[in-house]
Structures are given as structure tokens and as C-alpha cells.
There are 2 protein chains.
Amino acid sequence: MKLLEEKILKSGEIKEGNIVKVDSFLNHRLDVEFLDMMGKEIYEHFKEKGINKILTIEASGIALAVITAKYFGNIPVVFAKKAKSANIADEVYSSKIESFTYKKNYTVTVSKQFLDSRDHLLVLDDFLAEGNALRGLIDVAEQAGAEVCGLTVGIEKGFQKGGDQIRANGYDLLSLAIIDKITDGVITFR
Amino acid sequence: MKLLEEKILKSGEIKEGNIVKVDSFLNHRLDVEFLDMMGKEIYEHFKEKGINKILTIEASGIALAVITAKYFGNIPVVFAKKAKSANIADEVYSSKIESFTYKKNYTVTVSKQFLDSRDHLLVLDDFLAEGNALRGLIDVAEQAGAEVCGLTVGIEKGFQKGGDQIRANGYDLLSLAIIDKITDGVITFR
């Protein structure tokens, strides 16, 4: 998505460890008009897939998920919750996740009430680096017997291996922008 | 909002300590179509107030904030982040909050980049009980010199004192449903 690449170049900040900060429109301040264009692009790609629910993860995935859901005719969104404790109740699906950005582990949980074998899911997140969050969400979907019809993220860091691994596993993964390289603060897109 | 009262009666669960759980449409699974109706109601109430930004708090406020922002012509949303540490950087506004639901304290932070004296804010959250989260957001807005034009929540627990205190302070607070009493699992609305 050309517009997103331009937005990243204009508004993104590169922090230590090649972390790309897009707090001005995606992760802290939400540019609702821009998110709407991203949601439309996601809808255009997946509209024939029979998707009836979006699965995302708190907190930064929620805004894009909700806006995208509007394009799919107001389908429901379920956001996985992050728990620190391994002390997870019976009534949830859960999966352990390692976070690249924060260098710590956490567990995602989804209530069994809200995910089941009738679900045809679009799995959505803001960022994709090592792919741990998306793999956690796929794991949770599989436990529920739900079908993962596709995955989408705003920004993929293509120089980490997450996205390519997920594609190699046969999933239809749409990344609206893929950063292939960051050298001396200069971003190159795929 | 009559429809929300009906939805709470139909889908809400009452947990120990009079906690009303609305995970099926507001806090875990998001009923995007219903949130849209809530957003429209909020817009109708505040549309003449010159609001140019919505300030909310992660994670459960984000969905309703984004949908409401669409009615206001796609104005930006800023969501305050929750931090456990008191070790807060210079570049953020911060305020300490006591959580009624979780019985623990945390600090909300908003980057100084994203809030300033040109902002005419609608402060939004999903729930209001003691009012601590809203007061924290008001505090942050005041530090930034922003104007709080109004406040809104989905569900107010009117038997706790938060909402009435905020109204007594002169703020225009719209709660889409106010629970006045929960007796033996039966909810009475104001």
C-alpha cells in the first residue's frame, strides 16, 4: 500500500534496535481516516473469503480491526487478552507468546464463548516481526476449531522471519507495507 | 439508551462484587454494529461542542472511541497507555489511577506530542464506577492545557459515586446506560 509506505517515511520514527515507531497514527494516536483506508484495502483483498469474524489482540490491533470489520458488513471482532500469569482458567483458549519488542513472554487468552468451529477468521494485528503474536492467535483459533481464512497486518518487518514463515505454512498473509531493510535510519520497502 | 439497557439485561453477566460483565459485546467480543449505534448516540449529544479529538484509555475504550470518531468526521483518537511503573519519562503526561475492578493502582500516560492546548476533547471510556480512570484522563488533559468539552461512557454504575462527582464538578457527562442498583442479580436502571 503505497500510501502507507509514504506515511511511514513521513511520520515513523526509527528507534534503537530497528524498532519502527508509528505512534502518530497507529499505536498511540489513531489517524481514523487513514486507518479507514487501510481497512478498505484489507477488505478488498479478503472480501471473497467468507470471513465472518476478526480475531485480533489488545491493544493496538483493536482500532484497525474494528474499522476493517465495518467494511465486512459489521462482523464481530474478538480481541485476545494478554495475561502475565500462567494461571489460566479452564474457560479460555490460551497460547504463550514471546514479544520481540518488549523482550518478555506473555500468554494470550480468548474466552471459549467467543470462538468456535463456525468461525471463518481474519486474524489481524498492527505489526509483524518474528510473527509470535500471529502464531499465538493461529494457535488459539486451531484450539477452537475455527478456520483461519487469512491474516493481515499493517506493517511487516520483512527482515525478520515471521511473515515468510507464515506464508511458507500456506497462509494468505496480507501486509500493507513490508519493510525489507533499515540501514542507517533509511527504510527500504519490499 | 434503551437499546443498551436491553442489551445489558440480555447479554450482561453479574459477577461477585456487583461487577457487570459485558464481554459479549463491549469488553472482549466487540459487537461492531451495536457499538456503531452507541457511537451515533454519543455524536448526537456532543455534535455542537466543537470536539476535534477523542481521548480514551487502552484497551476497552479504543473500539467505541474509533467508531465514535467516524461520526465526528474521522477526528483522531488518542488512547492513554497503562504503565505499572512510576518511572515515567519526561515526554509524557501522566496520572495515577486506582482501579476498582482490579484493586490495583496504575499510571496512565499520554505522549506530549499528541495532546496540547488546541485540543477540544471528548473523553471516552467503556465503564464508569468510581470515576478514577476518567479523572486520570481529565488530569492528563489539564496538564496539556486541552479543553475537556465532554465525557462519555457506555455504562455507568450509578450506585458508585464517580459519575455524580464528575457532574458535580460541572462536566457534561453522557452515560449511555446508568445502573442504579443491583439486588439479588436484578439490575435497575436510572
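The numbering scheme is per chain: residues are counted from 1 as the chain's sequence reads. As they are written, the chains are lettered A onward and the ligands numbered 1 onward, keeping that order. At least 70 in pLDDT is required for a residue's local features to be given in this predicted model, at least 80 for side-chain atom pairs to be given and counted, and no such filter applies to totals for whole chains, interfaces and linings, which use all residues. As a rule here, side-chain values come from all non-hydrogen atoms in the structure, and water together with hydrogens is ignored.

Student: Quick rundown of the relation of the copies chain A and chain B? Include the residues and the values.
Tutor: Only residues with pLDDT of at least 70 in both copies contribute their C-alpha atoms to the least-squares superposition of the copies. Taken as rigid bodies, chain A and chain B are interconverted by a rotation of 180° and an axial shift of 0.0 Å, the fit giving an RMSD of 0.0 Å. Accordingly, the operation relating the two chain copies is best matched by a two-fold axis. Ranked by how close their C-alpha atoms come to the rotation axis, the residues of chain A are headed by Ala59 of chain A, at 2.5 Å. Residue contacts are defined here by distance: any two heavy atoms, one from each residue, within 4.5 Å place the two residues in contact. A share of 100% of interface residues in chain A that are also interface residues in chain B marks the association as one of identical surfaces.

Student: I'd love a proper account of unusual backbone geometry, names of residues and values included.
Tutor: Residue and element names in this part refer to chain A. Residue Glu58 is joined to Ala59 through a cis peptide bond whose omega torsion reads -5°. Helix numbers and strand numbers start at the N terminus; a helix is a DSSP run of H or I with at least 4 residues, a strand a run of E with at least 2. For Ala59, the position within the fold is in the loop between strand S4 (53-57) and helix H4 (61-71). The backbone of Asn18 shows a phi angle near 55°, a positive value even though the residue is not glycine. Tracing the sequence through the fold places Asn18 in the loop between strand S1 (13-15) and strand S2 (19-21). Residue classification places Asn18 among the partly exposed positions, given a relative accessible area of 30%. The classification of residues rests on relative accessible area computed with a 1.4 Å probe and restricted to protein chains. Under 20% of the type maximum is buried, over 50% is exposed, and intermediate values are partly exposed.

Student: Tell me what's going on with the confidence of the model for chain A, and back it up with residues and numbers.
Tutor: The predictor's confidence in any single residue is recorded as pLDDT, a number from 0 to 100. A residue-level look at chain A finds 96% of positions with pLDDT of 70 or above and a mean pLDDT of 94. For this predicted complex, the interface score ipTM comes out at 0.94, alongside a pTM of 0.95.

Student: Would you mind going over the side chain of Glu58 of chain B in detail, with residue names and values included?
Tutor: Along the polypeptide, Glu58 of chain B turns up in the loop between strand S4 (53-57) and helix H4 (61-71). For this count, His and the chain ends are skipped, Lys and Arg are scored as positive, and Asp and Glu as negative. By definition here, a salt bridge exists when the distance from a side-chain nitrogen of Lys or Arg to a carboxyl oxygen of Asp or Glu is within 4 Å. Lacking a salt bridge, the buried Glu58 of chain B has Lys81 of chain B as its closest oppositely charged neighbour, with an N-O distance of 5.9 Å. N or O atoms within 3.5 Å of each other form a polar contact, as long as, within protein, one can give a hydrogen and the other can take it, and as long as residues adjacent in sequence are counted only when both atoms are side-chain atoms. Within the structure, Glu58 of chain B has its side chain in polar contact with the backbone nitrogen of Lys82 of chain B (distance 2.9 Å). Those residues within four positions of Glu58 of chain B in sequence are excluded, and the remaining contacts are Ala59 of chain A together with Phe79, Ala80, Lys81 and Lys82 of chain B.

Student: Could you give me a rundown of helix H3 (residues 32-46) of chain A, with the residues and numbers involved?
Tutor: The terminal C-alpha atoms of H3 of chain A lie 21 Å apart, and with 15 residues this matches the ideal 21 Å at 1.5 Å per residue to within 8%. When we look at burial in H3 of chain A, the residues that qualify are Val32, Phe34, Leu35, Asp36, Met38, Gly39, Ile42 and Phe46 of chain A. Expected span of a helix: the number of residues minus one, times 1.5 Å.

Student: I'd like a rundown of the environment of Leu124 of chain B, residues and numbers included.
Tutor: All names here are of chain B. As for its position among the elements, Leu124 is in strand S8 (residues 120-128). Assessed through its relative accessible area of 0%, Leu124 is described here as buried. Along the primary structure Leu124 and Phe79 are separated by 45 residues, whereas in three dimensions their C-alpha atoms are 9.6 Å apart. Residues within four places of Leu124 in sequence aside, it is in contact with Ile42, Ile54, Leu55, Thr56, Ile57, Gly61, Leu64, Ala65, Thr68, Leu137 and Thr152.

Student: Explain the interface of chain A and chain B residue by residue, including any values.
Tutor: Listed as interface residues are 33 residues of chain A and, on the opposing side, 33 residues of chain B. For any pair of parts, buried area is found by adding up, for both, the accessible area (1.4 Å probe) each one loses once the two are put together. Of the roughly 2,800 Å² buried at the junction of chain A and chain B (both faces included), carbon and sulfur atoms supply 65%. The largest per-residue losses of area from chain A upon contact with chain B belong to His28, Val32 and Phe114 of chain A, which jointly make up 23% of the total buried on that side. Across the contact surface, chain A and chain B share two salt bridges. Lys70 of chain B is paired through a salt bridge with Asp36 of chain A; the nearest N and O atoms lie 2.6 Å apart. Put simply, chain A and chain B have 10 residue pairs in polar contact (both at pLDDT 80 or more) between them. Secondary-structure elements contributing two or more residues to the side of chain A that touches chain B are helix H2 (23-27), strand S3 (29-30), H3, H4, strand S5 (77-83) and strand S7 (104-111) of chain A.

Student: Which residues make up helix H1 (residues 2-11) of chain B, and what are the values?
Tutor: Residues and elements named next belong to chain B. Buried residues of H1: Leu4, Glu5, Lys7 and Ile8, and no others. Projection of H1 onto a plane perpendicular to its axis shows the buried side chains occupying an angular sector of 160°, all on one side. The exposed residues of H1 that point more than 90 degrees off its buried face are Lys2, Leu9 and Lys10. Of the surrounding secondary structure, the elements contacted by the buried residues of H1 are strand S2 (19-21), helix H2 (23-27), helix H3 (32-46), strand S9 (147-157), strand S10 (173-183) and strand S11 (186-189). Directions drawn from the helix axis to the C-beta atoms are what define this arc.

Student: Could you give me a rundown of the nonpolar core, with the residues and numbers involved?
Tutor: Nonpolar core, defined: a set of buried Ala, Val, Leu, Ile, Met, Phe, Trp, Tyr and Cys residues in which side-chain atoms within 4.5 Å join the residues together. Ranked by internal contacts, the top residues of the largest apolar core, which has 80 residues, are Leu4, Ile8 and Met38 of chain A together with Leu4, Ile8 and Met38 of chain B. Apart from residues lying up to four places away in sequence, Leu4 of chain A is in contact with Phe25, Phe34, Met38, Gly154, Ile155, Leu176 and Ala177 of chain A.

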